[in-house]
Amino acid sequence: MEANSHQRQLQHFFWRAGFGASPDEVKAALSAPKHRVVKDFIRDSKEVHDFNVVGPMPYFSLRNDKRDMKANPTEELEGIKDKLKAVAEERRESIGNLNDAWVARMGQGQGAFREKMTLFWHNHFACRSRMALFVQQQNNTLRRHALGKFGDLLMAISKDAAMLQFLNNQQNRKKSPNENFAREVMELFTLGRGNYTETDVKEAARAFTGWGFNGQGEFVFRQVFHDEGTKTVFGKTGNFTGEDVVDMLLSNPKTAQFISTKLYRYFVNQKVNPEHIEALTNRFLRTDGDILEVMEYVFTQDWFYDPVNIGAQIKSPVELLAGMQRTLQMDFVDKTPVLYAQKLLGQTLFNPPNVAGWPSGTAWIDSSSLLTRMQLPKVLFRNEMLAASVKESGDANEETVKRKNKFEVTMNWEKFASFFNSFSEQELTQALALHLIQVPINSSLLKQIDKQGNAPSRVERVKQLTVALMSIPEYQVG
């Protein structure tokens, strides 16, 4: 196999299974069999490390304060308003800290595969909550089950406080069933649209009555609100509970097909190959939904490394930011601009647009976001100013970033440049392009980029060429 093609295939694996790789990680992988590289990368994610960024916060006491304020809108209640405002700010700051911690973990250290899978499930089970503790608990739940059995993950997320709150199941009671959770668990989490009926949704909602949570974010089954009557779901009749409905969803082959297709679109190609989907679905069914086995199967198939799949995905904003950190081994000094960049580019962790999650593929790019993406390397490494800004939100941190309009990063350019010492000055641009860009670049563009590296110092020239390469549209795909 041609050496450049082999390197690009390995980088393809690192980008899809994680967030890219540094030059030394790629160099080490070049001398190992591909299946060994996959095994080692997966083993690196064996351990699970929860986040403990957010501490306990009041929930029901605040809810009572809000209720009192609405019932008695007098000036005497100004103290409650101030208290609620302070708590809202604290929550926003806590979720921001959690965001920082997660992006940093994606961009550095061990466990990149587990973090990539957690990010995938974060979008699959898209959810918003203003309760920072619930947000952290859900993120930890996704991480713990990210590489386990899909059935365990589905059951855990179905009893998750943030999800039950987001989809209104706390209000799902025998006398007034709420269908939100039952509908989304079928349409978005398991079967997909067209594989259930309205009757299935209504009857399943009755089975989920009484599923709720307490102020600590723990699942609570409230027997008094549960509908004990007979239900008919998917043609079966019985006194079903919510657990029974989850089991029915897991035993339906449409769930295996739906999840396999979604995994393929995310990790392989938006354009599905029916034969590959069938093979993936069969693997899912044979392993009882073992996510790790399914993903290892994907990464060891020849079709995964087919040229048609390499460079075929547009990096999401979070993948773009974390990928810069991993491939260049850089770090953000001030974390606030990282959150600001997510908002600018259209993907803020823990704040999906709706329960369907973020759109993917070409939806990540429009003329405005592409310009911002192409500006970002120059803003990071040349202290240039961003031409775009987010809408006013009242967040003091955002206002600070907008005024500064500057991102501070740390990076060891001497170390990064040393990885390319074996290449001559004539070969340098091509070597950097092979490491940074996953699609071929035409010779004319490569010559234009080469001219931008005109510094007398080798290290400075590497920096100039790296920024120039990361500022072209081709860098946006991985």
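Quick look at the structure, then. (Residues numbered from 1 in each chain as written. Predicted model: local features only at pLDDT ≥ 70, side-chain atom pairs only at ≥ 80, totals over all residues. Heavy atoms only, no water.)

## Some points on the overall build of the chain
Applicable threshold: For helices the rule is a DSSP run of H or I covering at least 4 residues; for strands it is a run of E covering at least 2, with both sets numbered from the N terminus onward. Atoms counted for the radius of gyration: C-alpha only. Globule rule: 2.2 Å times the number of residues to the power 0.38. Residue burial is assigned from relative accessible area. The probe radius is 1.4 Å, only protein chains are included, and a residue is buried under 20% of its type maximum, exposed over 50%, and partly exposed in between. Contacts are assigned to residue pairs that have any heavy atoms within 4.5 Å of one another. Areas reported here follow the Shrake-Rupley algorithm with a probe of radius 1.4 Å; residue values treat only the protein chains shown as occluding. Only four residue types enter the charge count: Lys and Arg as positive, Asp and Glu as negative, with His and the chain ends excluded. Charge positions come from single atoms, namely NZ of Lys, CZ of Arg, CG of Asp or CD of Glu.
Across its full length, the chain carries 23 helices and 6 strands. At 24 Å, the chain has a C-alpha radius of gyration in line with the 23 Å of a compact globule built from 478 residues. C-alpha extents for the chain along the principal axes are approximately 75 × 60 × 35 Å. In the chain, buried positions account for 54% of the 478 residues. A separation threshold of at least 6 residues defines the contact pool for the chain, and within that pool the share at least 24 residues apart is 72%. Summed over all atoms, the accessible surface of the chain reaches about 21300 Å², with 50% contributed by carbon and sulfur. When the 60 basic and 56 acidic side-chain charges of the chain are each reduced to a single mean position, those positions are 2 Å apart.

## Looking at the packing of helix α16 (residues 317-328) against helix α18 (residues 367-382)
Worth spelling out the cut-off: Working convention: axes come from line fits to C-alpha atoms, limited for helices to the stretch in contact. Angles between N-to-C directions cover 0 to 180 degrees. Each angle receives one of four descriptions, namely roughly parallel if under 35 degrees, roughly antiparallel if over 145, roughly perpendicular if within 65 to 115, and oblique otherwise. In this scheme the handedness of a crossing depends on how the near helix is turned from the far one: anticlockwise by less than a right angle means left-handed, clockwise means right-handed. As a working rule, the residues Ala, Val, Leu, Ile, Met, Phe, Trp, Tyr, Cys and Pro are called nonpolar, Asp, Glu, Lys and Arg charged, and the rest polar, with Gly in that last group.
Contact pair α16 / α18: the axes reach a minimum separation of 12 Å and the direction vectors enclose 40 degrees. With respect to their mutual orientation, α16 and α18 come out oblique. Note on packing geometry: the crossing formed by α16 with α18 is right-handed. Of the residues in α18, those touching α16 at Pro 317, Leu 320, Leu 321, Met 324 and Leu 328 are Arg 373, Leu 376, Pro 377, Leu 380 and Phe 381. Among the residues making up the contact of α16 with α18, the classes are represented as 9 nonpolar, no polar and 1 charged.

## A short note on helix α10 (residues 180-187)
Within α10, 6 of the 8 residues are buried, which leaves the element mostly enclosed by the surrounding structure. Listing the buried residues of α10 in full gives Phe 181, Ala 182, Glu 184, Val 185, Met 186 and Glu 187. Where α10 is buried, its residues contact α8 (150-158), α9 (161-166), α11 (198-207), α12 (242-251) and α13 (253-267).

## Considerations on the packing of aromatic side chains
Within a pair of aromatic rings, the relevant descriptors are the distance that separates the centres and the angle that separates the planes. Spelled out, the test is: Aromatic rings from Phe, Tyr and Trp, with only the six-membered ring used for Trp, were paired whenever their centres fell within 6.5 Å, and each pair was classed as stacked if the ring planes differed by under 30 degrees, edge-to-face if by over 60, and tilted otherwise. The rule for a charge over a ring is simple: NZ of Lys or CZ of Arg within 6 Å of the ring centre, and within 35 degrees of the ring normal.
The full count for this structure, using the stated rule, is 27 aromatic pairs. A centroid spacing of 5.8 Å and a plane angle of 45 degrees characterise the contact between Tyr 264 and Trp 303, whose relative ring orientation is tilted. In this pair, Tyr 264 sits in helix α13 while Trp 303 sits in the loop between α15 (291-299) and α16, placing the two residues 39 residues apart along the sequence. Each member of the pair Tyr 264 and Trp 303 is classed as buried. Over the ring of Phe 51 we find Arg 105, and its NZ or CZ is 3.9 Å from the ring centre. Directly above the ring of Tyr 475 sits Lys 315, whose terminal nitrogen or CZ lies 3.5 Å from the centroid.

## Some points on the pattern of salt bridges
Note the threshold: Salt bridge, as applied in this entry: a Lys or Arg side-chain nitrogen positioned within 4 Å of an Asp or Glu carboxyl oxygen.
Within the structure shown, the criterion is met by 18 salt bridges. Across the salt bridge formed by Arg 143 and Glu 115, the nearest N and O atoms sit 2.9 Å from each other. Within this pair, whereas Arg 143 is found in helix α7 (residues 132-145), its partner Glu 115 is found in helix α6 (residues 112-124), the two being separated by 28 residues in sequence. Per residue, the accessibility class of Arg 143 equals that of Glu 115, and both read buried. Close ionic contact of Arg 183 with Glu 179 constitutes a salt bridge, the shortest N to O distance being 3.1 Å. For Arg 183, a relative accessible area of 23% translates into the label partly exposed.

## Things to note about the layout of surface pockets
The condition that has to hold: Every definition here rests on a 1 Å grid over the protein atoms only: cavities are sets of points where a 1.4 Å probe fits but cannot get out, pockets are open sets enclosed by protein on both sides within 12 Å along at least five of seven lines, and lining residues have some atom within 4 Å of a point. Grid points are joined across faces, edges and corners, and a volume is the space filled by probe spheres set on the points.
Its boundaries defined by the atoms lining it, the second largest pocket holds a volume of some 600 Å³. Considering the residues around the second largest pocket, the lining is formed by 28 residues, among which Asn 123, Arg 265, Tyr 266, Gln 270 and Ser 360 are closest to the centre. When contributions to the lining of the second largest pocket are tallied by element, the ones reaching two or more residues are α1 (3-17), α6 and α13. Residues belonging to the lining of the second largest pocket are distributed by class as follows: 11 nonpolar, 10 polar and 7 charged.

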